[in-house]
Amino acid sequence: MATYKESVGTAVQNIAGDTGAITGQLWYDSSDSEFKYKYQAYGSAWITANSLNTARNNIAGATSGTQTASLAFGGFVPPHTGATESYNGTNWTEVNDMNTARNNAGGAGTQTSALTFGGGSPDYDSTELWNGTNWTEVNDLNTARSGLGGTGADNTAALAFGGESSGTAAHADTELWNGTNWTEVNNLNTGRDGIASGVGVSTAALAFGGNSDPSPLTELAVTETWNGSNWTDVADLNVARKGLAGAGTNTAALAMGGRTPSVVGTTETWNGSIWSTTATMNLVQSLNSGAGTNTAAITFGGYDGSSPGNVATTQEFNAGINLGAWYTGGNMNTGRNSLTGFGTQTASLVAAGETGSPDVYTQKTESYNGTTWAEVNDLTGSARRGAASAGADNTSGLVFGGNAPGYTGITELWNGYVWTEVNDLNSARAGLSGCGTATAALAFAGKAPALGPPNVRAETESWNGSNWTEVGDLNTGRENLSGVGITTSALAFGGRDPVTGKTELWNGSNWTEVNDLNTARFAVMGAGANNTSALCFGGTDPSRTDAVEGWNGTNWTSENTLPTVTQTGAGTGTKTAALCMGGGNPSTDFSTTTFEWDGTGFITKTITTTTD
Amino acid sequence: MAKTYQYCVAENWGKGFIDHVEAIKISFTGLPGNVWQVPAYNKHANLWIAKVSGTVKTLSEAQAIVDAEVTAAQTAWDALSDEDKEDNPRPSDIALTE
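All values derive from a computational prediction rather than experimental measurement.

Enquirer: What should I look at first to understand helix α2 (residues 43-51) of chain B in this one?
Expert: Because the α-helix completes a turn every 3.6 residues, residues three or four places apart line up on one side. All names here are of chain B. Inspection of α2 places Ala45, Trp48 and Ile49 among the buried residues, and these make up the whole buried set. Considered in projection along α2, the buried side chains sweep an arc of 100° and stay on one side of the axis. Structural note: α2 exposes Lys43 and Ala50 on the side pointing more than 90 degrees away from its buried face. If you follow the buried residues of α2, they end up packed against β1 (5-9), α1 (20-25), β3 (35-39) and β4 (55-57). Ser53, located one to two residues past α2, shows a positive phi value of around 55°.

Spelled out as structure tokens, the structure:
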């Protein structure tokens, strides 16, 4: 006999609120008297991965490589290099060099079956074949050139197109490799150099961007698709550029970085018909190379626009990841910057800060319940700014240090109702950071001119509920940093002087340097539970920034930006449920604004019903 | 040429001014003078402007508001002590685009 579920279907669950509702579920919210539905929002982001061993521009790559199996070869260090490196998804390893050192060459194939051709300088026609271990010279291109595009599935089938030769206009020539020889085939419609490589195979490719040559040298947005016989003009890139990298196929591609002529991190995705901009690279790159697909790509090497500017940078692009978002929370009663806070997204406390200029400091304390801020009892000590704090939620915490003005080590304990002064820090300082709870906290870094040079400090102190004890120093002293975690697992990131993106991991005994923030900055805010899960947001780099980065225990990944650039605010909560409170923003130096972060990407929709 | 952005003036009242779904669907940039930049020709952005009773501004009107606020902020910054200047970057000019 059929069950009720088989005959009628699954019953709609009755839930008060949304606690326990899962992605894809439809339920009846008895609190709101509404039917609701939860779904997952997805987005795209860049992650900074481990660098090449050799920084270089005009690098080439195995265009049909993947995000976890790539090959990089050639480039300009200086001098020209034949250096070849293999990527396993984590690290680059040096392997055997090419026979002819060169830069601005074409590339094709995979990590174990690749081809390189052309390049400079002078302009080469030579071709080399990679069998997974060694490069072997094979038959030459018909037309010697550099700055050409190339693609191909492996070392038996490749396509070379465009490029330049000294003293001539940019080439439109296209040549097809059959594993033994190059054959001239139909030309590009628009001759150019600095063209993107790496999209498609020899029978179905895409050429985009580049540089018209000779003068006027103009960055191009022109895109052409190859069907095995002819090139056809299709929709342009949104941002004209040269020296960019590509990945994917001629129906699903990615354009990464380049020069406009400024070096950019602009990323565009191609769906076979049009280009659309997507997440910007963490670090700008041009004269780079790439591989992978338009949903999982890698780019490496190139030039960042500085001097000398050759980079070893590797970045990975991923689409279809959980998309976090910032939205507005309740406004604080007192606008301020350089405040401190502790707690969760629905139970936080802020105290101290600067409320006016010049040097108007406050003792005011406010408590947040996830919706509204309420003024509670003031700090008992001096009004101050640049203090740090620790605490699990708005019922229990600790505030320490600050500038009153004058650097202080004062420590006050919050019991959910009033502040009580307890034992001071050993080192009076401001612009420090802290984490932990009211009974087990860490204080680290800060500025303390009274201690003598350097003004910025590396000292760390541990609180046991009664006293502060000095423990292991940070490797890099700094102030105006952020820190998150607990006394056995903490993370410190950002700060100055000088402005840094350095990140250090605390294991309960020592600080260890790990991968830097993608954007170095100070006056930065943070949230997080421990040294494997954190969020860094806002700050100054040296302009105020809205940049947000998430930490997974190994790398920082770009996340959706704050709605407004913000610095010197306070951060509380976790990597997936954080608060950004107060600070300075474009409209005021003493903001009351609270932004709430949901990093899960879960969206709850109310299903609107009508009644007669 | 098709516009990429549109502008409005609206004061952030706090909780619910930008809600979770809007934050996912719309790219917001808050600018001086309570000027908000949101995508043009975007259904969700248009609904949000209506929700917050935003006053739509042309590019030149929004630029004038932002310029006035930035100029005032720069004047205030110039009067700060050297120590305060270290902590707060001088407000930069902001060039809006459409």
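Enquirer: Before we go on, may I ask you to explain the interface of chain A and chain B in this structure?
Expert: When the parts of a complex come together, some accessible area is lost, and that lost area is often used as the size of the interface. Each partner contributes residues to the interface: chain A has 27 residues there, and chain B has 26 residues. For the side of chain A that touches chain B, the secondary structure elements donating two or more residues are β28 (325-328) and β54 (602-607) of chain A. Ranked by residues supplied to the side of chain A that touches chain B, first place goes to β28 of chain A with four residues. In terms of residue class, the side of chain A that touches chain B is made up of 10 nonpolar, 13 polar and four charged.

Enquirer: Hey, could you run me through helix α3 (residues 59-78) of chain B in this one?
Expert: All names here are of chain B. Helix length check: α3, at 20 residues, gives a terminal C-alpha distance of 28 Å against a target of 28 Å (1.5 Å per residue), a fit within 8%. Residues of α3 that are buried include every one of Ala62, Val66, Glu69 and Ala73, and no others. The arc enclosing the buried residues of α3, seen along the axis, measures out at 65°, which places them on a common side. Residues of α3 that are exposed and point over 90 degrees away from its buried face: Ser60, Ala68, Thr75 and Asp78. Packed against the buried residues of α3 are β1, β2 (29-31), β3 and β4.

Enquirer: Even after reading the chapter, I still don't get the domain arrangement of chain A, so can you show me in this structure?
Expert: Partitioning chain A into structural domains gives domain 1 (4-40), domain 2 (45-322) and domain 3 (327-602). Relative placement of domain 1 of chain A and domain 3 of chain A: their C-alpha centres are 39 Å apart.

Enquirer: Please clarify how the environment of Pro32 of chain B should be interpreted in this entry.
Expert: Looking at the element boundaries, Pro32 of chain B is found in the loop between β2 and β3. Residue class for Pro32 of chain B comes out buried when judged on the 21 C-beta atoms lying within 10 Å of it. Taking the C-alpha atoms as reference, Pro32 of chain B lies 5.3 Å from Val66 of chain B; in sequence the two are 34 residues apart. Discounting chain neighbours no more than four positions away, the residues touching Pro32 of chain B are Pro586 and Ser587 of chain A together with Val66, Glu69, Val70 and Ala73 of chain B.

Enquirer: Which parts of the structure should I look at to understand the environment of Asp378 of chain A?
Expert: Residue and element names in this part refer to chain A. Secondary-structure assignment places Asp378 in the loop between β34 (373-376) and β35 (388-393). Using a count of 15 C-beta atoms within 10 Å as the deciding quantity, one classes Asp378 as partly exposed. Between the C-alpha atoms of Asp378 and Ser64, which are 314 residues apart in sequence, the distance is 62 Å. Sequence-distant contacts of Asp378, that is, excluding residues within four places in its chain, are made with Gln363, Lys364 and Thr365.

Enquirer: What should I look at first to understand the sheet that holds strand β19 (residues 223-226) of chain A in this one?
Expert: Backbone-to-backbone hydrogen bonds join strands into a sheet, with any given pair of strands oriented parallel or antiparallel. All names here are of chain A. Overall, antiparallel pairing links the four strands, which are arranged β17-β18-β19-β20 in an open sheet. With partners counted over all chains shown, the strands left at the sheet margins are β17 (200-201) and β20 (231-234), one partner each. Both β19 and β20 contribute to a ladder of four bridges, which runs antiparallel. Note that in β20 the partner of Thr225 across the bridge is Thr232.

Enquirer: Would you mind going over the pairing of strand β24 (residues 275-278) of chain A with me for this structure?
Expert: Looking along a regular strand, one sees side chains alternate from face to face of the sheet. Residue and element names in this part refer to chain A. Examined bridge by bridge, strand β23 (residues 267-270) and β24 share four bridges and lie antiparallel to one another. Residue Thr269 lies in a different strand from β24, and its bridge partner there is Ser276. Linking two consecutive strands that pair antiparallel, namely β23 and β24, is a turn of four residues; a positive phi of about 100° is found at Gly272 within it.

Cut-off values and rules
- Residues numbered from 1 in each chain as written.
- Chains lettered and ligands numbered in written order.
- Predicted model: local features only at pLDDT ≥ 70, side-chain atom pairs only at ≥ 80, totals over all residues.
- Buried ≥ 20, exposed ≤ 12 C-beta atoms within 10 Å, placed from the backbone.
- Helix = DSSP H or I, 4+ residues; strand = E, 2+ residues; numbered from the N terminus.
- Arc of directions from axis to C-beta.
- Contact = placed C-beta atoms within 7 Å.
- Nonpolar A, V, L, I, M, F, W, Y, C, P; charged D, E, K, R; others polar.
- Expected span 1.5 Å × (residues − 1).
- Domains from an automatic or database assignment.
- Pairing = 2+ DSSP bridges.

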